[in-house]
Amino acid sequence: MTCIASRNPGNNLMKQKQLLPHVRDEDKGFSVGKLLAQRHRADPQIEDPQRVSPNSMRVDTVCFFLFVVGELLLLSSMIFLLPVVCGCPERCRCHSPSNFVDCSRQGLAEVPSDLPPQTLTLHLQDNQIRQLPASAFKSVPQLTTLNLYNNSLSNLTSGVFHGLQHLRVLNLTQNSLHSLESRLFHSLPQLRELDLSSNNISHLPTSLGEPWENLTVFAIQQNQLQQLDRALLESMPRVRHLFLKDNLWKCNCHLLSLKLWLETFIYKGGITDSIICASPDTWKGKDLLKIPHELYQPCPFPSPDLQSSQVQQLGAAHRAVPRPPESHSSGERDHWGCEIKPKPRPANLRHAVATIVIAGVVCGIVCLMMLAAAIYGCTYAAITAQYHGGRLAQINEPAKTEGKELFDSSTA
């Protein structure tokens, strides 16, 4: 306030005008400057408006210097605190408007620990990450897209994705994964796209967590799979794109349920690629979906001797299982002693519809042929009867004439 008042001479001018006597505008020969000069001679403490004192100039200079220094300090503090506020790792590139962090192609061996908490998209592809600890992404709970393409991951612990409740896209392509734990993706309820292509996965469990109500894309091509349990696919009720090619598929009786599920999946509008059989030699190189399911034999059940040996080997583990008491009814004893029966083979809807159509066409053709045969037979019979009737009439007419002549001659 002191600096502003000293640099505004208008305030002093107004003060000095108030000290002047009343001067009329029509008074000639007088001016404000002259009156101020006269007043200044009478009272030297009144400041001359046409003259600035050295003290006032010194105050203005000091105020300006302090203003410049304050601005420089504010700017330097903003430059210093900007990386701290943004929280962008040293070897990454951050785009604040879209909350996108790109740490790709940096030779990283682990996930950066100072990721911005508001990150939505994180790219870690083309690095050298070999292992992910539990809750590796707890600092980015809002993450929706995670790209781990082309790293060296060989194993994933069950809690590695803990806390990612909003994750929708997960790319684990081109790593060194051999297997997956059953509850690996349990903490990803919003997952929509999962890509596990180009790994060394040889087995998938029947379940990878809770049913994936939102999963629409599942890719597992270019791995070492020989079989795939149908129960895993049934836990994805909304999947629309399924990629399974370039695996070591063993097209035997165990893959029949997958074939039937895929046929129903395609019939409902799903999109999938070809499944080329790698074994046995009978079906090697052929598409699984083009092999008639009638050619598959049901899987044999283990013999009673094998079952008894397995029971003896696992007897210690099953000692805690209660046995049915002898006093139970015969129906309950039969329930405990019943044998496992094979499941009935599920009907193929597409084949059933095709069979009905073909049967209808064949029946229609047969009916038309029978009708044509009946018309032909009736026509042929009528023509034959007419022909034979004319011949008989021609033969009988001379005989009647001869008989009449003989009758007349005898009468005469």
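Here is a short report on the structure shown in this document. Treat the numbers as computed from the prediction; the structure is a model and nothing was measured.

Section: the overall build of the chain
Summing up its helical and strand segments, the chain has nine helices and eleven strands in all. Classification of the 412 residues of the chain by burial places 26% in the buried group. For the chain, the proportion of contacts with a sequence separation of at least 24, taken over those separated by at least 6, is 53%. Accessible surface, the chain as shown: approximately 28,200 Å² in total, 59% of it carbon and sulfur.

Observations concerning the pattern of salt bridges
Going through the model one piece at a time under the given rule, you end up with four salt bridges. The residue Arg105 makes a salt bridge to Asp126 at a minimum N-O spacing of 3.5 Å. Highlighted residues: Arg105 in the loop between strand E2 (100-102) and strand E3 (121-123) and Asp126 in the loop between E3 and strand E4 (145-147), separated in sequence by 21 residues. A salt bridge links Arg230 to Glu234; its shortest N-O distance comes to 3.0 Å. Of the two residues, Arg230 and Glu234 both sit in helix H5 (residues 230-234), four residues apart, roughly one turn of that helix. Looking at Glu234, the relative accessible area reads 48%, which means it is partly exposed.

Brief notes about a nonpolar patch on the surface
Together, Val353, Val357, Val361, Ile365 and Met369 make up a nonpolar patch on the protein surface, roughly 450 Å² of accessible area in all. Note that Met369 resides in helix H9 (residues 349-411). Judged by its relative accessible area of 56%, Met369 is exposed.

Side note on the state of the cysteines
Inspection of every chain in the model, using the stated rule, returns three disulfides. What pairs with Cys88 in a disulfide is Cys94, and their sulfur atoms sit 2.0 Å apart. With the S-S dihedral at roughly 95°, the linkage between Cys88 and Cys94 falls on the right-handed side. The partly exposed category is assigned to Cys94, whose relative accessible area is 32%. Cys92 shares a disulfide with Cys103; S-S distance 2.0 Å. The sign of the 110° torsion about the S-S bond sets the Cys92-Cys103 disulfide as right-handed. One end of the pair, Cys92, is in the loop between helix H4 (54-86) and strand E1 (93-95); the other, Cys103, is in the loop between E2 and E3, and eleven residues separate them in sequence. Accessibility classification places Cys92 together with Cys103 in one group, the buried group. Just so you know, Cys367 is unpaired, no disulfide at all, and the nearest cysteine sulfur is the one on Cys363, 6.5 Å from it.

Notes on the nonpolar core
In this structure, Phe137 and Phe161 are the most contacted members of the largest nonpolar core, which totals 63 residues. Among the elements that make up this core, the one with the highest residue count is helix H6 (residues 256-267) (six residues). Setting aside anything within four residues of it in sequence, one finds Phe137 in contact with Val111, Leu122, Leu124, Leu132, Leu146, Leu148, Val160, Phe161 and Leu164.

Examining the environment of Leu153
With respect to the secondary-structure elements, Leu153 resides in the loop between E4 and strand E5 (169-171). For Leu153, the residues in contact, after removing those within four places along its chain, are Ile129, Arg130, Gln131, Leu132, Leu148, Leu172, Asn175, Ser176 and Leu177.

Concerning H6
In a regular helix each residue adds 1.5 Å, so twelve residues correspond to 16 Å; H6 covers 17 Å between its end C-alpha atoms and thus fits that length. Within the sequence span of H6, burial applies to Leu256, Leu258, Lys259, Leu260, Trp261, Leu262, Glu263 and Phe265.

What to know about the sheet that holds strand E8 (residues 241-243)
Taken together, nine strands build an open sheet; the order of strands is E1-E2-E3-E4-E5-E6-E7-E8-E10 and the sheet is mixed. One side of each edge strand has no neighbouring strand; the edge strands of this open sheet are E1 and strand E10 (271-272). One ladder, built from three bridges, connects strand E6 (residues 193-195) with strand E7 (residues 217-219); its direction is parallel. Within E7, the residue paired with Asp195 across the bridge is Ala219.

Some remarks on the packing of aromatic side chains
All chains considered together, the criterion is met by four aromatic pairs. For the pair Phe161 and Phe185, a centre-to-centre distance of 6.0 Å together with 15° between the ring planes defines the contact as stacked. One end of the pair, Phe161, is in the loop between E4 and E5; the other, Phe185, is in the loop between E5 and E6, and 24 residues separate them in sequence. Since its relative accessible area comes to 0%, Phe161 is described here as buried. Summarising the aromatic geometry, the rings of Tyr376 and Tyr380 are spaced 6.3 Å apart at their centres and angled 20° between planes, so their arrangement reads as stacked. Taken as a pair, Tyr376 and Tyr380 lie in helix H9 at a separation of four residues, close to a single helical turn.

The rules behind the values
Residues numbered from 1 in each chain as written. Predicted model: local features only at pLDDT ≥ 70, side-chain atom pairs only at ≥ 80, totals over all residues. Heavy atoms only, no water. Helix = DSSP H or I, 4+ residues; strand = E, 2+ residues; numbered from the N terminus. Buried < 20%, exposed > 50% of the residue type's maximum accessible area, 1.4 Å probe, protein only. Contact = heavy atoms within 4.5 Å. Areas by Shrake-Rupley, 256 points an atom, 1.4 Å probe, with all protein chains shown as cover. Salt bridge = Lys/Arg side-chain N within 4 Å of Asp/Glu carboxyl O. Patch = residues over 30% accessible without salt bridge, like charges linked within 9 Å, V, L, I, M, F, W, Y side chains within 5 Å. Disulfide = S-S within 2.5 Å. Core = buried A, V, L, I, M, F, W, Y, C linked by side-chain atoms within 4.5 Å. Expected span 1.5 Å × (residues − 1). Pairing = 2+ DSSP bridges. Phe/Tyr/Trp six-rings, centres within 6.5 Å; stacked < 30°, edge-to-face > 60°.

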